[in-house]
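Remarks on the overall topology
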Amino acid sequence: MAKKENTTAKELKEKLFNKRKNAYLRMSDAEIKKCDKFCEGYKKFLDAAKTEREAAGYIEREAVSRGFVPFDKGKSYKAGDKVYYVNREKAVILAVIGKEPIENGVNLIAAHIDSPRLDLKQNPLYEKDEVGYFKTHYYGGIKKYQWPTVPLSLHGVIIKSDLRKITVNIGEDESDPVFCVSDLLPHLAATQMKRPSPELIKGEELNVIIGSRPFKDDDVSEAVKLNLLMILNAKYGISEADFLSAELEAVPAFKARDIGFDRSLIGSYGQDDRVCAYTELMAILEAKSPRRTAVAVLTDKEETGSDGNTGLRSAYLKYFIADLAATFGVRGRDVLSKSRCLSADVNAAYDPTFPDVFEKNNACVLNGGVCVTKFTGSRGKSGTSDASAEFVGEIRALLDKKGVIWQTGELGKVDIGGGGTVAAYIANLNIDTIDVGVPVMSMHAPFEITAKADVYAAYKAFEAFVGQ
Ligand code: MN
Ligand code: MN
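These notes cover the structure that comes with them.

Between its first and last C-alpha, helix H9 (residues 389–401) extends 18 Å over 13 residues, near the 18 Å set by a 1.5 Å rise per residue. Residues of H9 that are buried sit in contact with strand S15 (340–343), strand S17 (370–373), strand S19 (406–408), strand S21 (432–437) and helix H11 (452–466). Just past H9, the residue glycine 403 takes up positive phi, approximately 70 degrees.

Written out as C-alpha cells, the structure reads:
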C-alpha cells in the first residue's frame, strides 16, 4: 500500500512541479551536432568583431551578402523585402518585411554590440622613465584589477585634420605586436594588496605599455615617445595631434576558445552582448517571409547607459520604424504601440564558486537554455520595464511550442546589486518588451564564459520569434 502511494506522489510531482533540466539531457545527438557547428560561426564572429564599429561592419557585410539593401524611405516595399540601415558605423537595423500589414506591429529584437574595454584618452601618448604609454579611460563597468597583464589589441579610427579616416586594428594577427597594462610583483605588493579592491588597480593606473626603444640621439628628451611617433607616422601617417580626433579602444587580444575537456563552453572577450547580437543576426538573416515584419537592432552605448545618438535612448530606432511605416502610409506611433520586442541581452549565470550572491531558484544556470528575464533593475526593481504577465505568457507559449530550451533568471539576490538593459528604453516607446538572452559567467571580465547549448537555444528562440 505504502509503495503505491509513493508512486502516486512521484507521478504527481512529475505533473505539478516545475523542474529545470540540463539542456544536454533534452537535446538529441543531431541537435548537439548542429549546436556545436553553430558555435564555430559564433567564435569566428567574436574574433572578427571586437568593437561596435567592427561588429557593425561585419553585420552590414553579412546582410548585403544575403540580399539586404539600404533602406530608402522614398521606396515602397512588399513582403519578403530585406532592408538595413547603418547609424554612424556603430549601430545597425535590419528588417524583413512581413506578410501582414505593418500596422499590426513589428517583431523587434535588440542586442548591443559595444563591450567593456579601455578607451584611449584624447591626449594618450606619453613617456615615463623611458617607457612609452597610452593613457586610458575605461568604458563600461569593469573590475579594474582584471585588466593588467592581459595581452591587448588596439582597434578604432583616427580622423586626420583633413577628415581622412584611418582604421586601426593591431594585435589580432599572430605576427602583430600586442600591448599590456602592468601590475606589481607580489613581492612588493604588500601595500597595494591592502587597498580596497575597487582601488587595487586605480583608473589612472590602467596605462597601456606601447614601447621602450629610444630614438638614437643622446640630446633629445622623450626619445622613446619620439621614436614611437616616428613609427606611428610611418605606419599610419599620423602625428600626436591626430589622437585628439580618434576613437581607439584597447581590448583583450586573445581569441575565442572552447573551454573544458568536453568543449561544452566558450571563453572569449565581449560575449556580453555579442552572443545575443550574433544569434539575433543569424535569426534575421535566415528569415524568409515572416508573418509580421521582423526588425533587428544591433546598438551601441549600452554599457555606458544607452545615451548618445548611437545608443537606444536616441531616436534612431523610433525614426526608422516611423520611416518604414510611412512607406506603407501608416503612422509610426501606430506601429510602435502594436509591436513586441525581445531585448536580447545576457544575464548572470549562477556561479557554483560564488553561490552567495544568487538565489538559486531564480538564477539562470549554464546549460539551462536561453534565459527569459521578466524584470531587471536594482533595489525595488528600480529602472526596470517589467514585462507584463500577459507578454511573458505569450513568449512562454511560443518557446514551448517551438521546443526551445529556456529558463528564467533574475540578476542576483534582492538588494545584492542589479543592472539594466535596453529593455526599458524600448518599452518606453509603448512596445511590449522582455529580456531574453544567454547566461554568462565572469560577465564583463576580459574572458567571459557561455555554454554552447545556451547560445544555440538563444538562436532558436530568436528564430522562433522572427518566424512569427
Ligand atoms: Mn549586456
Ligand atoms: Mn554588460
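What follows covers the pattern of salt bridges. Under the criterion given, the structure shown has 28 salt bridges. For glutamate 249, the salt bridge goes to arginine 117, with nearest N and O atoms at 3.3 Å. With glutamate 249 in strand S11 (residues 246–252) and arginine 117 in strand S5 (residues 117–128), this pair connects stretches of sequence that are 132 residues apart. Taking the shortest distance from any N to any O, the salt bridge between lysine 255 and glutamate 172 comes out at 3.5 Å. Note that lysine 255 is positioned in the loop between S11 and strand S12 (257–259) and glutamate 172 in the loop between strand S8 (165–170) and strand S9 (180–181), a separation of 83 residues in sequence. A cluster of three or more residues bridged by salt bridges with shared partners is formed by Glu40, Lys43, Asp258, Arg263 and Lys452.

The subject of this paragraph is the coordination of the manganese ion (ligand 1). Note on metal sites: the ideal angle is 109.5 degrees for four tetrahedral donors, and 90 or 180 degrees for six octahedral donors. Those protein atoms acting as donors to the manganese ion (ligand 1) are His112 (NE2), Asp272 (OD), Asp345 (OD) and Asp345 (OD), and they sit at 2.1 to 2.6 Å. Donor residues for the manganese ion (ligand 1) sit on one chain with the sequence pattern H-x159-D-x72-D. Distance-wise, the manganese ion (ligand 2) is placed 3.3 Å from the manganese ion (ligand 1), both being coordinated by aspartate 272. Residue histidine 112 is located in strand S4 (residues 106–112), and its partner aspartate 272 is located in helix H6 (residues 271–285); the two are separated by 160 residues in the primary sequence. Relative accessible area serves as the criterion here: at 3%, aspartate 272 is assigned to the buried category.

For the rest of this paragraph, the subject is the side chain of glutamate 303. Considering the arrangement of structural elements, one finds glutamate 303 in the loop between strand S14 (293–299) and helix H7 (316–326). When residues no more than four places from it in sequence are discounted, the contact partners of glutamate 303 are His112, Asp114, Ser115, Pro116, Tyr139, Gly140, Gly141, Asp272 and His444.

What follows is about the sheet that holds S12. If you walk across this open sheet you meet the 3 strands as S12-S13-S23, and the pairing is antiparallel. The sheet terminates laterally at S12 and strand S23 (448–451), the two strands that pair on one side only. Neighbouring strand axes in the sheet, compared pairwise and without regard to direction, differ in orientation by 35 degrees on average. Across 3 bridges, S12 lies against strand S13 (residues 265–268) in antiparallel orientation. Looking at S13, one finds that arginine 257 is bridged to glycine 267. Of the strands in this sheet, S12, S13 and S23 touch helix H3 (residues 29–48), which is tilted by about 5 degrees from S13.

On to the nonpolar core. Among the nonpolar cores identified, the biggest contains 65 residues, and Met27, Phe68, Leu94, Leu342, Ile434 and Phe462 are the most heavily contacted of them. Per-element tally for this core: the top contributor is H11, with 11 residues. Sequence-distant contacts of isoleucine 434, defined by excluding residues within four places in its chain, comprise Cys341, Leu342, Ser343, Val372, Thr373, Lys374, Ala387, Phe391, Val392 and Ile395. With 31 residues, the next largest nonpolar core counts Ile142, Val208, Leu228 and Tyr236 among its residues.

Another point: the pairing of S8. Going residue by residue along S8, you find Ile166, Val168 and Ile170 tucked away on one face and Lys165, Thr167 and Asn169 left uncovered on the opposite face. Two elements, strand S7 (residues 152–159) and S8, share 6 bridges in a ladder whose sense is antiparallel. If you follow glycine 156 over to S8, its bridge partner there is valine 168.

Within the structure shown, the criterion is met by 15 aromatic pairs. Each ring, one from phenylalanine 38 and one from tyrosine 278, has its centre 5.5 Å from the other, and the planes form 55 degrees; the classification is tilted. Here the residue phenylalanine 38 occupies a position in helix H3, and tyrosine 278 occupies one in helix H6, the gap between them amounting to 240 residues. Take phenylalanine 38: its relative accessible area is 12%, and that puts it in the buried class. Where tryptophan 147 meets tyrosine 269, the ring centres are 6.4 Å apart and the plane angle is 90 degrees; that geometry is what we call edge-to-face. A residue pair is termed long-range when its members are at least 10 positions apart, and tryptophan 147 in the loop between strand S6 (131–139) and S7 and tyrosine 269 in the loop between S13 and H6 qualify at 122 residues. Residue class for tryptophan 147 comes out buried when judged on its relative accessible area of 0%.

Attention shifts here to a nonpolar patch on the surface. Residues Leu12, Leu16 and Phe17 make up a contiguous nonpolar surface patch of roughly 340 Å² in combined accessible area. By secondary structure assignment, the location of phenylalanine 17 is in the loop between helix H1 (2–16) and helix H2 (23–26).

A separate point is the coordination of the manganese ion (ligand 2). Protein ligation of the manganese ion (ligand 2) involves Asp272 (OD), Glu303 (OE), Glu303 (OE) and His444 (NE2), the donor distances falling in the range 2.0 to 2.6 Å. Sequence positions of the donors to the manganese ion (ligand 2) reduce to the motif D-x30-E-x140-H.

On to the sheet that holds S7. The strand order across the open sheet built from 7 strands is S8-S7-S11-S5-S6-S10-S9, with neighbouring strands paired in antiparallel fashion. Of all strands in the sheet, those with a lone pairing partner are S8 and S9, marking the two edges. The sheet contact formed by S5 and S6 spans 8 bridges and is antiparallel. Each bridged residue has a counterpart across the sheet, and for leucine 118 the counterpart in S6 is tyrosine 138.

Criteria and cut-off values
Residues numbered from 1 in each chain as written. Chains lettered and ligands numbered in written order. Predicted model: local features only at pLDDT ≥ 70, side-chain atom pairs only at ≥ 80, totals over all residues. Heavy atoms only, no water. Helix = DSSP H or I, 4+ residues; strand = E, 2+ residues; numbered from the N terminus. Expected span 1.5 Å × (residues − 1). Contact = heavy atoms within 4.5 Å. Salt bridge = Lys/Arg side-chain N within 4 Å of Asp/Glu carboxyl O. Donors = N, O, S within 2.8 Å, 3.2 Å for Na, K, Ca; no water. Buried < 20%, exposed > 50% of the residue type's maximum accessible area, 1.4 Å probe, protein only. Pairing = 2+ DSSP bridges. Axes fitted to C-alpha atoms, helices over the stretch in contact; angles between N-to-C directions. Core = buried A, V, L, I, M, F, W, Y, C linked by side-chain atoms within 4.5 Å. Phe/Tyr/Trp six-rings, centres within 6.5 Å; stacked < 30°, edge-to-face > 60°. Patch = residues over 30% accessible without salt bridge, like charges linked within 9 Å, V, L, I, M, F, W, Y side chains within 5 Å. Areas by Shrake-Rupley, 256 points an atom, 1.4 Å probe, with all protein chains shown as cover.

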